[in-house]
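Chain by chain, the residues run as shown.
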Amino acid sequence: MSYAVMTIWKHPEKHDWNEAQASLDAADAPEGSTVTWFEIDEFTQGSLFVLPSREDYEAVIEGLREMREEAVNEGSVMEIEAIGPVKASRDF
């Protein structure tokens with residue numbers, strides 16, 4: 001069963017989407033995962049990370065924690081985190 005992680009982050013400076021895309025392009029994730037980052041306002045962005053299984057999530061959580069710690073050290077604040085199994089979805 002797929003597993004989703006949704007976060008909302010507030011940044012101290014305007015979000016650099018070119019840098020964000022470069023970061024995603026260089027990222028490594030389990031086969032079949034998807035990551036979507038979206039703008040809420042110039043300083044706030046959301047993300048949706050969907051992994052093939054909870055086990056895949058558990059395999060990457062340490063790396064996520066390290067990235068999050070770096071963001072917090074740079075002044076960003078995670079405002080919301082929601083994690084759980086995907087119970088219904090559809091690709092269009």
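Coordinates for the structure precede this section.
Residues numbered from 1 in each chain as written. Predicted model: local features only at pLDDT ≥ 70, side-chain atom pairs only at ≥ 80, totals over all residues. Heavy atoms only, no water.

**Topic: the packing of aromatic side chains**
- Enumeration over the complete set of coordinates arrives at one aromatic pair.
- Residues Y3 and Y57 carry aromatic rings whose centres are separated by 5.2 Å and whose planes lie at 40° to one another, so their mutual orientation is tilted. Taken together, the positions of Y3 in strand 1 (residues 3-10) and Y57 in helix 2 (residues 54-73) put the pair 54 residues apart, joining distant regions of the chain. Each member of the pair Y3 and Y57 is classed as buried. (Phe/Tyr/Trp six-rings, centres within 6.5 Å; stacked < 30°, edge-to-face > 60°. Helix = DSSP H or I, 4+ residues; strand = E, 2+ residues; numbered from the N terminus. Buried < 20%, exposed > 50% of the residue type's maximum accessible area, 1.4 Å probe, protein only.)

**So, a negative patch on the surface**
- Residues D16, E19, E70 and E74 make up a contiguous surface patch of negative charge.
- Looking at the element boundaries, E19 is found in helix 1 (residues 17-26).
- The class for E19 is exposed, based on a relative accessible area of 56%. (Patch = residues over 30% accessible without salt bridge, like charges linked within 9 Å, V, L, I, M, F, W, Y side chains within 5 Å. Areas by Shrake-Rupley, 256 points an atom, 1.4 Å probe, with all protein chains shown as cover. Salt bridge = Lys/Arg side-chain N within 4 Å of Asp/Glu carboxyl O. Lys, Arg positive; Asp, Glu negative; His and termini not counted. Charge placed at Lys NZ, Arg CZ, Asp CG, Glu CD.)

**Topic: the pattern of salt bridges**
- Counting across every chain of the model gives five salt bridges.
- Across the pair K10 and D41 runs a salt bridge, and its minimum N-O distance is 3.7 Å. Highlighted residues: K10 in strand 1 and D41 in strand 2 (residues 34-41), separated in sequence by 31 residues.
- Judged by relative accessible area, which is 32%, K10 ranks as partly exposed.
- K14 is the partner of E42 in a salt bridge, and the nearest nitrogen-oxygen pair spans 3.7 Å. Here E42 is found in the loop between strand 2 and strand 3 (44-51), whereas its partner K14 is found in the loop between strand 1 and helix 1, with 28 residues between them in sequence.

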